[in-house]
Structure formats: C-alpha cells, structure tokens
Amino acid sequence: VGVPSLRRGPGGRSGAAGQESMTMASSSAPFEYKARKFAGAHARGICVGWDKLGQRIATGGADSVACVWKVGAGGEAKQETKLKGHKAGGIHGCCWDPNNANLLATASSDRSVRLWDVRSGTSVGKVSTSGKALRAAWRPRGDAIAIGDDKGQVSFVDVKTFQVSSELTRGAGAAGFCWDAAGDALLVANGTGHIEVFDYPALGEPINEVKSHMGEAVCVAADPTGQRFATGGSDAIVSLWDAEAMCCERSFAKFDSTVTSLAFDSSGDCLAYASEDGCIAIVNVGTGGLVHEEVARQPARGLAWSPRGRWLACVGLVGDARDGREVLTIGHLSS
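The structure reproduced in this document is the subject of the present report.

1. Section: the pairing of strand 17 (residues 194-199)
Most of strand 17 is tucked away: six of the six residues are buried. Because side chains alternate across strand 17, one face comprises the buried residues His194, Glu196 and Phe198, and the other comprises Ile195, Val197 and Asp199, equally buried. In this sheet, strand 17 lies alongside strand 16 (residues 185-189) in antiparallel orientation, the contact comprising five bridges. Bridged to Ala185 within strand 17 is Asp199. The turn joining strand 16 and strand 17, which pair antiparallel and follow one another in sequence, is formed by four residues; a positive phi near 90° is taken by Gly193.

2. Some details on the packing of aromatic side chains
What the rule picks out here adds up to six aromatic pairs. Ring geometry for Phe252 against Tyr273: centres 6.1 Å apart, planes inclined by 25°, an arrangement best described as stacked. Of the two residues, Phe252 is situated in strand 22 (residues 247-252) and Tyr273 in strand 24 (residues 270-275); the sequence distance between them amounts to 21 residues. Residue Phe252 shares its accessibility class with Tyr273, and that shared class is buried. Ring pairs connect the aromatic residues Phe156, Trp179 and Tyr200, which therefore count as one cluster.

3. Examining the sheet that holds strand 26 (residues 290-295)
Pairing is antiparallel across the open sheet formed by four strands, whose spatial order is 23-24-25-26. Where the open sheet ends on each side, the last strands, each with one partner, are strand 23 (259-264) and strand 26. Put simply, the sheet's adjacent strands are angled 10° from each other on average, direction ignored. Pairing of strand 25 (residues 279-284) with strand 26 involves five bridges; the strand directions are antiparallel.

4. Regarding the environment of Val285
Relative to the assigned elements, Val285 resides in the loop between strand 25 and strand 26. Remark: the alpha-carbon pair of Val285 and Ala272, spanning 13 residues in sequence, is separated by 9.8 Å. Aside from chain neighbours lying at most four places away, what touches Val285 is Arg228, Leu240, Arg250, Phe264, Gly268, Asp269, Cys270 and Leu271.

5. Some words on the sheet that holds strand 10 (residues 122-128)
The four strands are arranged 7-8-9-10 in an open sheet whose pairing can be described as antiparallel. Pairing within the sheet leaves two strands with one partner each, and these edge strands are strand 7 (91-96) and strand 10. Taken pair by pair, the neighbouring strands of this sheet meet at an average axis angle of 20°, ignoring direction. Pairing of strand 7 with strand 8 (residues 103-108), which is carried by five bridges, proceeds in the antiparallel orientation. Counted as the bridge partner of Trp96 is Leu104 from strand 8.

6. Some words on unusual backbone geometry
Of note, the amide linkage connecting Tyr200 to Pro201 takes the cis form, showing an omega dihedral of 15°. You can see Pro201 is positioned in the loop between strand 17 and strand 18 (208-211). With a phi angle near 55°, Leu203 is a residue other than glycine that sits in the positive phi range. You can see Leu203 is positioned in the loop between strand 17 and strand 18.

7. Observations concerning the nonpolar core
Among the nonpolar cores identified, the biggest contains 18 residues, and Val238, Phe255, Val259, Leu262, Phe264, Leu271 and Tyr273 are the most heavily contacted of them. Mapped by element, the contributors of at least two residues to this core are strand 19 (217-222), strand 21 (238-242), strand 23, strand 24 and strand 25. For Phe264, the contacting residues outside a window of four places in its chain are Ala221, Ala222, Asp223, Pro224, Phe229, Ala230, Leu240, Cys270, Leu271, Val285 and Trp305. Counting residues in hydrophobic clusters, the runner-up holds 17 residues, among them Leu187, Ile195, Ala243 and Cys248.

About the cut-offs
- Residues numbered from 1 in each chain as written.
- Predicted model: local features only at pLDDT ≥ 70, side-chain atom pairs only at ≥ 80, totals over all residues.
- Heavy atoms only, no water.
- Buried < 20%, exposed > 50% of the residue type's maximum accessible area, 1.4 Å probe, protein only.
- Helix = DSSP H or I, 4+ residues; strand = E, 2+ residues; numbered from the N terminus.
- Pairing = 2+ DSSP bridges.
- Phe/Tyr/Trp six-rings, centres within 6.5 Å; stacked < 30°, edge-to-face > 60°.
- Axes fitted to C-alpha atoms, helices over the stretch in contact; angles between N-to-C directions.
- Contact = heavy atoms within 4.5 Å.
- Core = buried A, V, L, I, M, F, W, Y, C linked by side-chain atoms within 4.5 Å.

None of this, on its own, says anything about what the molecule does.
Below you can see the structure in the form of structure tokens.
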C-alpha cells in the first residue's frame, strides 16, 4: 500500500485514537522468547539496525563509534569492525542501504552524516547538517536518506551525490519519523501529539494528519506490508493504525512512562515497543495479545527486527549489574 492509503479522505483530517479501542495487552497464545547478550558494544548504546540480508547488525553509541556485528544463523553475534570518524557527541541514528548490504549511514550530533563501506571500514561519503543529526531512515527505494536534527528539520540526502537535495522544516517539536512501505510518503511525529504524512518527493503541506496522543508523539513505525503503522507517545500509550482507513484499530496501555522506540517484525504480525522505565513488550498485531514482556535495569534506546525471521535486536540494556556495561541483545521469538 503506497501513498493512496495515507492520503486524506473526503472527511478531511482524520480522527484521534479512541478510548474504546484501549487494551491492556493481556497474554496471547504461547510464544517462546529467548535472548542472548553480547558484550563489547558501547558504554552507552543509542541506535541499532539490521542489514537487508539479516546477517549484520550496526549499533551506534555515545562514544561516536559505530560497531558492525556479524550475526550467525543461531543468533550469535561477533563484532566485525568499528567505524570511527565522527567527532564527539555520539551516533544517534544508523540505517542500511535497502539495496546494498555493504553500505551503512550514520547520523551524529557532530552535525554530520557519514556513508560507510563496511567491508573496508572506510567512510565513502559525508554531508553536514544544520543541526545535530539525531535520526536516520533510508528510503525503501534506496535513492534517499531522511535525516532528522535537533531543530526539527528533516533533510533528504541524495544517495548518488551524497548531498542534501531537499528539506522539510517542522519546528523544534518534531520527533521521530519513518517511511511508508513503498517509500512514497514520510510519517512524522510531533510535539502536539499528531502524526503528519508528507508526500515524497513533493513534500509541501501534509497530505494527511491524525491526532494519535494526548501528549507528545515521540516515535512512529510503518509495517512492511503497508497495512498499518504504530505510534508511541509521552502519554505512555502505543496506538495501532489502519493505513488505508487512517483510523485507530487499538491502543496499548502497558507502560507508565514515555514510549521511546517501536518496531514491526518482517511479517507485520508482531510489534515490539520500549519505554523510558525499562519495559519492553511484544504484542500480536492481529489480536492485540501480549506475546512477551520484560523489565530491564534501564531503558532500551533502540529496537530493530531482522528482515528474515523473528530476531529482535536492542541496545541500551545492561548485561551485568556488577560492571554496568551495556550489551547488544538479540532475542528470538518462536511460536
């Protein structure tokens, strides 16, 4: 489902999430979730992403280093290389080329975005941003990268020239964003609790807008089938939306603090989300049932599902309370 599914209907602006759809994410059919922890990542991990083959994971941290991990068929991870070049400030966003498993982009608060060839570990492109680059999302078609900064501006980097080709300014309240499954639209969360939908590459005014949260809308994710998208907010609620009808299917009230990250698995059947108070939950999208939950010592700052199989990677969790160092965690969900 492309842009038509996200366009405004004849009634104008779409409505807000309804309280009648609220669920406490009660337990669903039995699933088994097993996680393994791998040390040697970062003292403070910030972002995580899988390559298109599901064979490598990239993590970015406050140390301004990007780590590339080789992941085996059983979920075991071994650090392959460290990518160094960003100045102090931390890597806050990372994303892989959807067409080339050897190209990785990183966004840093040093006001730059770098393109890396992970085979050689070298930076093959760099572009400066007007503000601290905090988010990155590669367009599914592979020709552009959306970069969000601390000033609420989204810059679009042309991959061929590795230069900024266009910009979208939404103000300081703008938060997370994502591409739709086709790469024809960008969904942007903002400080008023709305999700705005922008046609790409036309941009301009939003082609649709929904009120998804009573507080700030913090993060948004589109499922790979194009049927749904999910939003997380400062009101501790996750809302699940039908992308065709632009209406809220249900909302999950599981946490007591801001939802910081969410991600759909490769089938679109499961949604994982995390909160500031260290909770992580996985729900069945179709039934709304809770598949897995855990409470960590500190919040997971990034979640990402493998494009192949139900492998969930996250950063920000502490491996051993005795040393307090964070780890890369890879969990497998089986039914």
